[in-house]
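One letter stands for each residue in the lines below.
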Amino acid sequence: MTGATERFARIAARRVAGGKGGVASICSAHPLVIEAALRHGAAHGADVLIEATCNQVNHEGGYTGMTPAAFRAFVEAHAGKTGFPLDRLILGGDHLGPNPWKHLPASQAMQKAVAMIYAYAGAGFTKLHLDTSMACADDSVVLPDETIAARAADLAAAAEAAVARAGGEKPVYIIGTEVPVPGGALETLDHMHVTEPADALRTVEVHRQAFSRLGLDAAFARAVGVVVQPGVEFGNAEIIAYAPRKATKLVASLESMPQFVFEAHSTDYQPTEALAALVRDGFAILKVGPWLTFALREALYGLSSVADRLVPDPTRENLPTAMERVMLASPGNWRKHYPGTPDEQRLQRHFSFSDRIRYYWPSPDAQHATKALLAALGDRDIPRPLISQYLGHLDAEVGAGRIKPTAHELLIGSITRVLDIYRDATKL
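S.K.: What should I look at first to understand the overall build of the chain in this one?
M.R.: Along its length, the chain carries 17 helices and 10 strands. The C-alpha atoms of the chain give 21 Å as radius of gyration, which agrees with the globular expectation for 428 residues (22 Å, within 12%). Counting only C-alpha atoms, the chain reaches 65 × 45 × 45 Å along its principal axes. Across the 428 residues of the chain, 54% fall into the buried class.

Structure follows, in structure tokens:
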């Protein structure tokens, strides 16, 4: 291994040696989030880890319409535009397994999952999260640990074969399946279960045995992370912050598995001190996604209000109005996530922490409305009073000269504000 992947592969070894740093995993396919992340990395001379999920990007296209090779080309094109060096880029695949096809019998779903991970590894993705925890059509409701591990090993074998054929860097693996619901919880939250230490240790051991049975000991030696639940989550309007005292026993279990750090999912919206405590305690890989597009949506809606005041045009549809129309026309990505009365659902469609609106930005109507807004504002400097009124969270940065008061730079600045929080937490 060379460059960024090699540095990432040493994350557990650095912790054992006394290092306390970590890495943020950027889980988004939105072009502005990708641009902001790469610009942020370039500005700080830092590695950037960008991940795609199995539903988002796969060999059949996923909901973005991109294969792994296409996603890599998409990210690398942005790297070229932003001046980000490719030797600092790590591409990852998240929840790689049969989830997109779990409605099929297990044999068929796993066949598709094998083809997917083969495409990821062959396209040069070097951080692969193996997640085969979901039951398929002919499975029992809860899969035995041994079945989960055996299927994960089958996926690793496919990844190893793809790299052997295509060449390139050998991948680093993440194992473990005790993860929060992708995109946020569906129910009202008041507490969260923390992974039992015995369960984390058993996850490692059953995966070690499953890999060994397939002759994949060398591949397992490149496994560096275990996904566990540290007790963090967010819902539509709730955030459960990390409470170190509740995870004391889980954190102590890392001493028994020096090969690994913990990977924490759903760390979005955590207070800065909670993120720092997670990294300090060994949750060295912090996944973030909805918070980044939530910050983007905040800025887009703020700019829509700015445009209504600065360049009023009765023929231009207000962006929130356009997005309401788009989401009502295709409710599949929000309906089961947003309970309550019609008024409550309306608020959640636009302002929920789970940010289901992020699935709609690529739609043609949303793209048209967004482009019309940005065209109306152009490259003009937006007056500070309007920034204070509608984009108040960015006003101090504009005043200090760190963000140019143009529409595009304000969008990037809103996302960067979140990236700065993760940088502060992971550079301990």
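S.K.: Help me out: how do you make sense of the packing of helix 11 (residues 290-310) against helix 17 (residues 407-426) in this one?
M.R.: Two quantities define a packed helix pair, namely the angle between the axes and the distance from one axis to the other. Between helix 11 and helix 17, the shortest axis-to-axis distance is 9 Å and the interhelical angle comes to 150°. Judged on the interaxial angle alone, helix 17 and helix 11 are roughly antiparallel. Note on packing geometry: the crossing formed by helix 11 with helix 17 is right-handed. Of the residues in helix 17, those in contact with Trp291, Leu292, Ala295, Leu296, Ala299, Leu300 and Leu303 of helix 11 are Ala407, Leu410, Leu411, Ser414, Ile415, Val418, Leu419, Ile421 and Tyr422. Its residues assigned to classes, the contact of helix 11 with helix 17 shows 15 nonpolar, 1 polar and no charged.

S.K.: Is there a simple way to think about the environment of Pro331 in this case?
M.R.: Within the secondary structure layout, Pro331 lies in the loop between helix 12 (319-329) and helix 13 (342-351). Spatially, the C-alpha atoms of Pro331 and Arg349 are 9.7 Å apart, while their sequence positions differ by 18 residues.

S.K.: What exactly am I supposed to notice about the pattern of salt bridges here?
M.R.: Should the charged atoms of two oppositely charged side chains come close, the side chains can pair. Using the criterion set out here, one finds 26 salt bridges in the structure. Residue Lys287 is joined to Asp94 by a salt bridge in which the shortest nitrogen-to-oxygen separation is 2.8 Å. Here the residue Lys287 occupies a position in strand 10 (residues 285-288), and Asp94 occupies one in strand 3 (residues 89-96), the gap between them amounting to 193 residues. According to the relative accessible area criterion, Lys287 is buried, its value standing at 4%. When its relative accessible area of 4% is taken as the criterion, Asp94 is described as buried. Put simply, Glu51, Asp94, Lys127, Glu263 and Lys287 are held in one network by salt bridges that share partners.

S.K.: Would you mind going over helix 13 with me for this structure?
M.R.: Each turn of an α-helix holds 3.6 residues, which means side chains three or four residues apart point in the same direction. By the burial criterion, the buried members of helix 13 are Gln345, Gln348, Arg349 and His350. Among the structural elements, helix 11 and helix 12 are those in contact with the buried residues of helix 13.

S.K.: Would you explain the nonpolar core in this entry?
M.R.: Soluble globular proteins tend to bury their nonpolar side chains together. Of all hydrophobic cores here, the largest spans 125 residues; its most connected members are Ile50 and Phe71. It is helix 11 that contributes the most residues to this core, 11 residues altogether. When neighbours within four sequence positions are excluded, Ile50 is seen to be in contact with Ile26, Ser28, Ile34, Leu38, Phe71, Val75, Leu89, Ile90, Leu91 and Gly92.

S.K.: Is there a simple way to think about the side chain of Thr293 in this case?
M.R.: Topologically, Thr293 is positioned in helix 11. Look at Thr293 and you get buried, because its relative accessible area is 4%. Residues within four places of Thr293 in sequence aside, it is in contact with Ser28, His30, Val33, Asp355 and Arg358.

S.K.: What am I meant to see in the pairing of strand 4 (residues 127-130) here?
M.R.: Every other side chain in a regular strand lies on the same face of the sheet, so the side chains alternate between the two faces. Of the two faces of strand 4, both are covered, the one formed by Lys127 and His129 as well as the one formed by Leu128 and Leu130. Two strands pair when backbone bridges link them, and strand 3 and strand 4 are joined in this way by 3 bridges, in the parallel orientation. Residue pairing in the sheet places Gly93 in a bridge with Leu128 of strand 4. Once the chain exits strand 3 it traverses helix 5 (residues 106-122) before rejoining the sheet at strand 4, and the crossover so formed is right-handed. As paired strands, strand 4 and strand 5 (residues 172-175) are joined by 3 bridges and run parallel to one another. The partner of Leu128 across the bridge, within strand 5, is Tyr173. Assessed by its sense of winding, the connection that carries the chain from strand 4 through helix 6 (residues 145-166) to strand 5 is right-handed.

Conventions we followed
- The residue count restarts for each chain, going from 1 along the sequence in the order it is written.
- The predicted nature of this model means local features are confined to residues of pLDDT at least 70 and side-chain atom pairs, given and counted, to a pLDDT of 80 or more, with totals for whole chains, interfaces and linings taken over all residues.
- To obtain the side-chain values, all non-hydrogen atoms of the structure were included, while hydrogens and water were left out.
- Starting at the N terminus, helices and strands are each numbered in turn, a helix being any DSSP run of H or I of at least four residues and a strand any DSSP run of E of at least two.
- C-alpha atoms define the radius of gyration, and 2.2 Å times the number of residues to the power 0.38 defines the globule rule.
- Whether a residue is buried, partly exposed or exposed follows from its accessible area with a 1.4 Å probe, protein chains only, as a fraction of its type maximum: under 20%, in between, or over 50%, in that order.
- For helices, the fitted line uses only the C-alpha atoms of the stretch in contact; every axis is such a line through C-alpha atoms, and the angle between N-to-C directions lies from 0 to 180 degrees.
- Orientation labels follow simple angle bins: below 35 degrees gives roughly parallel, above 145 gives roughly antiparallel, 65 to 115 gives roughly perpendicular, and whatever is left gives oblique.
- Helix crossings fall into two classes, left-handed where the near helix is turned counterclockwise from the far one by less than a right angle and right-handed where it is turned clockwise.
- Contacts are residue-level and defined by heavy atoms, with any inter-residue pair within 4.5 Å sufficient.
- Put simply, Ala, Val, Leu, Ile, Met, Phe, Trp, Tyr, Cys and Pro go in the nonpolar bin, Asp, Glu, Lys and Arg in the charged bin, and everything else, Gly too, in the polar bin.
- Any Lys or Arg side-chain nitrogen located within 4 Å of an Asp or Glu carboxyl oxygen qualifies as a salt bridge.
- Here the nonpolar core consists of buried residues drawn from Ala, Val, Leu, Ile, Met, Phe, Trp, Tyr and Cys, with membership extended through side-chain atoms lying within 4.5 Å.
- Pairing between strands is defined by DSSP: at least two bridges between them are needed.
- Crossovers are marked right-handed if the path from the first strand over the helix to the second runs clockwise, as seen with the strands pointing away from the viewer.

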